[in-house]
Amino acid sequence: MKGKVRNFYAGGNTAKGFFSLYDSAFEGLERIYILKGGPGTGKSSLMKAIGEEMVGKGLSVEYLHCASDNNSIDGVIIPSCKVGIVDGTAPHIIEPKAPGVIEEYVNLGVAWDSQKLAQHKEKILELTVEISNKFDHAYKTFAEGLRRHDDIEKIYINNMDFEEANKLSEELIQIFYGNQEVSKKSKVRHSFLGAATPNGPVDYIQNLTEEVEKRYFIKGRAGSGKSTMLKKIANEAENRGFDVEIYHCGFDPHSLDMVILPEQSIAIFDSTAPHEYFPNRETDEIVDMYTRCIAPGTDEKFAKEIQETTDGYKTKVVEGTALLAEAKVLHDELEKYYIEAMDFNKVKDIKQTLLSEIELLLK
């Protein structure tokens, strides 16, 4: 029987720049292999191969996807043996806390021919600068989009019944926890359920909630209090000692999109665009914050202003996504120089060494 696979992001291309939650994703692991090496050196392929090997053995794994390349992963975690492997190159630099004891560097650079790379030095340096500039431009463009999104939020915030929103939050907290408290320290994990990628927004809500018994789909508009309510639910879990998975927004990392309570088998998430879903199980339930908390007729009364700001926001998201796609094209070009200089037989040997070490940890 094959193991389960969970998918998420630990870093994202956001309106606040590249935002990392890797420290939280890898917290509690007893062994972390940090891969070093340039683009195209086989880091993602190596991690995927090890992940597939573990799944084939019936072990569950977690794939940390790459927000800048839809076909790559940045890390793999094997929870049962508390082992993780991560791409430790920029922009997701991992700072070791106990080098040699927990973290171990794995240098894929031993497999490249430095002389071959040196022949393309100028082009490699040029592409590296161009890629960095594309990402900077994308982040600035997303930031402009967020400012327009904030303008949309203001309309709804000004027409919101905060007392009713607080009441709704308290009702859900009572449903989720009742009067229960547990005498242990809450395990809190932060990550992203989705990301802005070169192919547009991607999310893994369905995968992350597939084994959750009760799902709550939050419907509402920007500024209708969805993130604030999720923060209250997460804080309450932590205060009462319950474990909680907190999923940040891939566009605005200071906002939340989903909270999963593993011990209660409950998930509650923002189910509006770009990750809009509808109930398809008998136990699924909708939480309609627009109907409950926003003054009736707000959509109609401010239709023109809402449309104008929404169009501006969407335009900037499209522009930012195009810049990520351009960065990906340049990155693919850069990878070619490294691929040509690599001895992938040496990378296979490194993979086998890692597999052997992980096998020992499984015993």
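A brief report on the enclosed structure follows. As the structure is a computational prediction, the values presented were derived from the model and not from experiment. (Residues numbered from 1 in each chain as written. Predicted model: local features only at pLDDT ≥ 70, side-chain atom pairs only at ≥ 80, totals over all residues. Heavy atoms only, no water.)

Some details on unusual backbone geometry
Alright, step 1. With an omega of 10°, the peptide bond between A90 and P91 qualifies as cis.
Alright, step 2. Position of P91 among the secondary structure elements: in the loop between strand 7 (83–87) and strand 8 (103–107).
Alright, step 3. Cis geometry marks the peptide bond from A273 to P274; its omega dihedral reads 10°.
Alright, step 4. As for its position among the elements, P274 is in the loop between strand 15 (266–270) and strand 16 (285–288).
Alright, step 5. Notably, K82 is not glycine yet its phi reads approximately 55°, a positive angle.
Alright, step 6. Inspection of the secondary structure puts K82 in the loop between strand 6 (73–78) and strand 7.
Alright, step 7. Positive phi values are uncommon outside glycine, yet S265 reaches one of about 55°.
Alright, step 8. Secondary-structure assignment places S265 in the loop between strand 14 (256–261) and strand 15.
Alright, step 9. What makes S265 buried here is its relative accessible area of 13%. (Helix = DSSP H or I, 4+ residues; strand = E, 2+ residues; numbered from the N terminus. Buried < 20%, exposed > 50% of the residue type's maximum accessible area, 1.4 Å probe, protein only.)

Digging into the pairing of strand 7
Walk down a regular strand and you will see the side chains alternate between the two sheet faces.
Alright, step 1. Of all five residues in strand 7, five are buried, a share of seventy percent or more.
Alright, step 2. Along strand 7, one buried face is formed by V83, I85 and D87 and the opposite face, lined by G84 and V86, is buried too.
Alright, step 3. Looking at chain direction, strand 4 (residues 31–36) and strand 7 are connected through five bridges and run parallel. Looking across to strand 7, one finds that I34 is bridged to V86.
Alright, step 4. Sheet analysis places strand 6 next to strand 7, joined by four bridges and oriented antiparallel. Within strand 7, the position partnered with I78 by the bridge is V83.
Alright, step 5. Counted along the chain from strand 6 to the antiparallel partner strand 7, the turn is four residues long, and its residue K82 has a positive phi close to 55°. (Pairing = 2+ DSSP bridges.)

A closer look at the nonpolar core
Alright, step 1. One finds L172, F176, M229, I233 and I268 to be the most contacted residues of the largest nonpolar core, which totals 57 residues.
Alright, step 2. Look past the residues within four positions of L172 in its chain and what remains in contact with it is Y216, M229, I233, I268 and V287.
Alright, step 3. By size, the runner-up hydrophobic cluster in this structure holds 28 residues, among which are A10, I32, A195 and F269. (Core = buried A, V, L, I, M, F, W, Y, C linked by side-chain atoms within 4.5 Å. Contact = heavy atoms within 4.5 Å.)

Section: the layout of surface pockets
Alright, step 1. Of the pockets and cavities examined, the second largest pocket occupies roughly 890 Å³.
Alright, step 2. Taken together, the elements giving at least two residues each to the lining of the second largest pocket come down to helix 2 (43–56), strand 6, helix 4 (121–157) and helix 10 (303–341).
Alright, step 3. Of the residues forming the lining of the second largest pocket, the biggest block, seven residues, is contributed by helix 10.
Alright, step 4. Grouping the constituent residues of the lining of the second largest pocket by class yields 17 nonpolar, 16 polar and seven charged. (1 Å grid on protein atoms, 1.4 Å probe; cavity = no way out; pocket = protein on both sides within 12 Å on 5 of 7 lines; lining within 4 Å. Points joined across faces, edges and corners; volume = space filled by probe spheres on them. Nonpolar A, V, L, I, M, F, W, Y, C, P; charged D, E, K, R; others polar.)

Observations concerning the environment of F8
Alright, step 1. Here F8 is to be found in strand 1 (residues 5–8).
Alright, step 2. For F8, a relative accessible area of 1% translates into the label buried.
Alright, step 3. The spatial distance from the C-alpha of F8 to the C-alpha of G28 is 18 Å, given a sequence separation of 20 residues.
Alright, step 4. Residues within four places of F8 in sequence aside, it is in contact with A25, E62, Y63, L64, H65, R189, S191, F192, Y204 and L208.

Regarding the pattern of salt bridges
Alright, step 1. In total, this model carries 23 salt bridges according to the counting rule given.
Alright, step 2. Of the charged contacts, one joins E62 and R189 as a salt bridge, the two residues approaching to 2.8 Å between their closest N and O atoms. With E62 in strand 5 (residues 61–65) and R189 in strand 9 (residues 188–192), this residue pair connects regions lying 127 residues apart in the sequence.
Alright, step 3. A salt bridge links E126 to K123; the shortest N-O distance between them is 3.5 Å. Taken as a pair, E126 and K123 lie in helix 4 at a separation of three residues, close to a single helical turn.
Alright, step 4. Judged by its relative accessible area of 27%, K123 is partly exposed.
Alright, step 5. Sharing partners across several salt bridges, the network here consists of R6, E62, R189 and E245. (Salt bridge = Lys/Arg side-chain N within 4 Å of Asp/Glu carboxyl O.)

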